[in-house]
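Chain residues, written in single-letter form:
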Amino acid sequence: MITFLYTLGIYLYTAGIRLAAIWNEKARQWISGRQRIWQQLETFKATAPEGVPRIWIHCASLGEFEQGRPLIEKIKARHPEVQLILTFFSPSGYEIRKNYPQADLICYLPVDTPGRTRRFVQELRPDLAIFVKYEFWYHHLHALDRAGIPTLLISAIFRPSQIFFRSYGFWYRRLLTHFRHIFTQDSNSGQLLQSIGVQHFSRAGDTRVDRVLQLREQAPTFPEIARFRGDAPVWIAGSSWPVDEALLFPFWEATLPANWKLIIAPHDIAADHIEQIEQNCKWPSVRYSQLGETETAARVLIIDNIGMLSALYQYGRIAYIGGGFGKAIHNLLEPIAFGLPVLFGPKHEKFQEALALKRSGGGFAIEGREDLDAAFEQLRQDDAYAEASRQALAYLQENQGSTDKILQYLDTHFPTLFEPRASH
């Protein structure tokens, strides 16, 4: 009965998306992208070489992709012949990464109904499936299990509030048995799994840590931004939203010493939002697209493009990461890779890095102006700043290596995975 109700819910959800597609662009992408899956799969099968390993990696969206990316790229570096199939649930992941060069096929995840999932697994015939972080689709997992295809869950994180750990969550707990092994981000997740009798797990950490350390080593430099900074300490507001900026601007104007500068990289770079930032800023500002190669008298640099932010933190001293007054904070790992103490809003309880940084002193949770004042006053002290920076870096140092742990598991438990085999 529960399986029937779950499947009915999937059909109703899909119908709701179809209705929303009348006026919502993302919903239209969700529907139209799934209409292309079978043609994409046929094209892939017609051109893919025979007899080589095939690994399917599924990510819900862009954030999960960034968690899976270090593993994808290490597998491809070691075994370039492997066929990697990358699927996404949401348009925000697929539309941005649909041309990602390390994958041999990139498409949407079929809707989780019995017929579609059986067809997808039968036609794709992967040798291994890897789901990233949160994805628990009953019919996909069931189809993989019935086909005898080992399935892993990586970078998983569990919380007591999830349905697996409720008295009525027995049906959902069964989903976890479809995974051959679960790699958790933290020990608390392991303890929760043990509490419901799940033993096939190990703590590997967060693969995003490996990714941001890689980004730090490969970060390009920007001479024009170095000139803008000069000798000034720089406060970077990364992925900021209007609610973040409404809190930050009055604080900066009242508190920031005259020798400090600002770099603002908003989450939304639409023209009206950039103009709003310029109007709210009482100091001379310049857009990055207009910065040029000469010295500037501007005190505020507004980043009006996408893709630079992870490398910009090398020019900062303190970072405020946006999103914590909305749905959830954005990426804290990128700034701490450069040793920046981080400030973030109250919606951070689902992020273990935020909780760990708050405990260690490498990060500061902000709920209002008083918290901003207190955090900045502390970080203006050289000794306190040095300790906060050390703790920020320590989090990454203590949690790196997740990707290698997963690869070691593959080598140990699937020693023939990467060997040539009979054609699919």
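Report on the accompanying structure. (Residues numbered from 1 in each chain as written. Predicted model: local features only at pLDDT ≥ 70, side-chain atom pairs only at ≥ 80, totals over all residues. Heavy atoms only, no water.)

**Focus: the packing of helix 4 (residues 62–78) against helix 19 (residues 402–413)**
Link 1 in the chain: Contact geometry of helix 4 with helix 19 gives a least axis separation of 10 Å together with a crossing angle of 50°. Between helix 4 and helix 19, the interaxial angle falls into the category oblique. Taken as a pair, helix 4 and helix 19 cross one another with a handedness that is right-handed. Here Pro-70, Leu-71, Lys-74, Ile-75 and Arg-78 of helix 4 lie close against helix 19, whose contacting residues are Thr-403, Asp-404, Ile-406, Leu-407, Leu-410 and Asp-411.
Link 2 in the chain: For the contact of helix 4 with helix 19, the class distribution of residues is six nonpolar, one polar and four charged. (Axes fitted to C-alpha atoms, helices over the stretch in contact; angles between N-to-C directions. Helix = DSSP H or I, 4+ residues; strand = E, 2+ residues; numbered from the N terminus. Parallel < 35°, antiparallel > 145°, perpendicular 65-115°, else oblique. Left-handed = near helix turned anticlockwise from the far one by under 90°. Contact = heavy atoms within 4.5 Å. Nonpolar A, V, L, I, M, F, W, Y, C, P; charged D, E, K, R; others polar.)

**A short note on the nonpolar core**
Link 1 in the chain: Ile-55, Trp-56, Leu-86, Phe-158 and Ile-182 are the most contacted members of the largest nonpolar core, which has 76 residues in total.
Link 2 in the chain: Tallying contributions element by element places strand 4 (residues 128–132) first for this core, with five residues.
Link 3 in the chain: With residues near it in sequence (within four places) discarded, Ile-182 still touches Leu-153, Ala-156, Phe-158, Leu-176, Leu-193, Val-198, His-200, Phe-201 and Ser-202.
Link 4 in the chain: The next biggest cluster of nonpolar side chains, apart from the first, holds 40 residues, and it includes Ile-225, Tyr-288, Leu-301 and Ile-303. (Core = buried A, V, L, I, M, F, W, Y, C linked by side-chain atoms within 4.5 Å. Buried < 20%, exposed > 50% of the residue type's maximum accessible area, 1.4 Å probe, protein only.)

**Some remarks on the pairing of strand 8 (residues 234–240)**
Residues in a regular strand project their side chains so that they alternate between the two faces of the sheet.
Link 1 in the chain: With seven of seven residues buried, strand 8 lies mostly within the body of the structure.
Link 2 in the chain: Note: strand 8 against strand 9 (residues 261–266), six bridges, orientation parallel. Along strand 9, the bridge assignment pairs Trp-235 with Leu-262.
Link 3 in the chain: In terms of handedness, the path from strand 8 via helix 12 (residues 242–255) over to strand 9 forms a crossover that is right-handed.
Link 4 in the chain: Sheet topology places strand 8 next to strand 12 (residues 318–321); four bridges connect them, and they run parallel. Within strand 12, the position partnered with Ala-237 by the bridge is Tyr-320. (Pairing = 2+ DSSP bridges. Right-handed = clockwise from strand over helix to strand, strands pointing away.)

**Quick notes on helix 9 (residues 187–195)**
Link 1 in the chain: Among the residues of helix 9, those classed as buried are Ser-189, Gly-190, Leu-192 and Leu-193. What you see down the axis of helix 9 is that its buried residues fit within an arc of 160°, all on one side.
Link 2 in the chain: Buried residues along helix 9 sit against strand 5 (151–156), strand 6 (181–184) and strand 7 (201–203).
Link 3 in the chain: Two residues or fewer after helix 9 comes Gly-197, characterised by a positive phi angle close to 85°. (Arc of directions from axis to C-beta.)

**Considerations on the environment of Lys-45**
Link 1 in the chain: Residue position: Lys-45 is located in helix 3 (residues 37–47).
Link 2 in the chain: In sequence terms Lys-45 and Phe-376 are 331 residues apart; their C-alpha atoms lie 57 Å from each other.

**Concerning empty space enclosed by the protein**
Link 1 in the chain: Counted according to the given criterion, the structure contains two cavities of 30 Å³ or more.
Link 2 in the chain: As a volume, the largest cavity reaches approximately 70 Å³.
Link 3 in the chain: Around the largest cavity sit Ile-10, Tyr-13, Thr-14, Trp-30, Arg-34, Phe-89, Leu-109, Pro-110, Val-111, Asp-112 and Trp-137, which together line it.
Link 4 in the chain: Of all the secondary-structure elements, those providing two or more residues to the lining of the largest cavity are helix 1 (2–20) and helix 2 (25–35).
Link 5 in the chain: With three residues, helix 1 is the largest single contributor of residues to the lining of the largest cavity.
Link 6 in the chain: Looking at the lining of the largest cavity, its residues break down into eight nonpolar, one polar and two charged. (1 Å grid on protein atoms, 1.4 Å probe; cavity = no way out; pocket = protein on both sides within 12 Å on 5 of 7 lines; lining within 4 Å. Points joined across faces, edges and corners; volume = space filled by probe spheres on them.)

**Structural notes on the sheet that holds strand 5**
Link 1 in the chain: Judged by pairing direction, the sheet is parallel, and its seven strands sit side by side in the order 3-2-1-4-5-6-7 without closing on themselves. Every other strand in the sheet has two partners, leaving strand 3 (105–108) and strand 7 as the edge strands with one partner each. On average, each strand axis in the sheet is inclined to that of its neighbour by 20°, with strand direction left out of account.
Link 2 in the chain: The pairing of strand 1 (residues 54–59) with strand 4 spans four bridges and is classified as parallel. The partner of His-58 across the bridge, within strand 4, is Phe-131.

**What to know about the environment of Ala-219**
Link 1 in the chain: With respect to the helices and strands, the residue Ala-219 is situated in the loop between helix 10 (207–218) and helix 11 (223–229).
Link 2 in the chain: In this structure the C-alpha to C-alpha distance between Ala-219 and Ala-237, which are 18 residues apart in sequence, comes to 18 Å.
Link 3 in the chain: In this structure Ala-219 touches Ala-311, Gln-314 and Phe-338, once residues within four positions along its chain are discounted.

**Some thoughts on the state of the cysteines**
Covalently bonding the sulfur atom of one cysteine to the sulfur atom of another cysteine gives a disulfide.
Link 1 in the chain: Taken as a whole, this structure holds zero disulfides when the rule is applied.
Link 2 in the chain: For Cys-107, which is in no disulfide, the shortest distance to another cysteine sulfur is to Cys-59 and amounts to 12 Å. (Disulfide = S-S within 2.5 Å.)

**Points about the pattern of salt bridges**
Link 1 in the chain: Counting across every chain of the model gives 20 salt bridges.
Link 2 in the chain: Between Lys-45 and Glu-123 there is a salt bridge, with its nearest N and O atoms 3.6 Å apart. Of this pair, Lys-45 sits in helix 3 while Glu-123 sits in helix 6 (residues 114–124), and the two are 78 residues apart along the sequence.
Link 3 in the chain: The residue Arg-119 makes a salt bridge to Glu-123 at a minimum N-O spacing of 2.9 Å. Taken together, the positions of Arg-119 and Glu-123, both in helix 6 and four residues apart, correspond to about one turn of that helix. (Salt bridge = Lys/Arg side-chain N within 4 Å of Asp/Glu carboxyl O.)

**Side note on a nonpolar patch on the surface**
Link 1 in the chain: A surface patch of nonpolar side chains, about 570 Å² in accessible area, is lined by Met-1, Phe-4, Leu-5, Leu-8 and Leu-12.
Link 2 in the chain: Topologically, Phe-4 is positioned in helix 1.
Link 3 in the chain: Judged by its relative accessible area of 54%, Phe-4 falls in the exposed class. (Patch = residues over 30% accessible without salt bridge, like charges linked within 9 Å, V, L, I, M, F, W, Y side chains within 5 Å. Areas by Shrake-Rupley, 256 points an atom, 1.4 Å probe, with all protein chains shown as cover.)

**Quick notes on the packing of helix 16 (residues 352–360) against helix 18 (residues 382–399)**
Link 1 in the chain: Closest axis-to-axis distance for the helix 16/helix 18 pair is 10 Å, and the angle between their directions is 140°. Taken as axis vectors, helix 16 and helix 18 run oblique relative to one another. Crossing hand, helix 16 versus helix 18: right-handed. Listed contacts from helix 18 to Gln-352, Glu-353, Ala-356, Leu-357 and Ser-360 of helix 16 are Gln-391, Ala-392 and Tyr-395.

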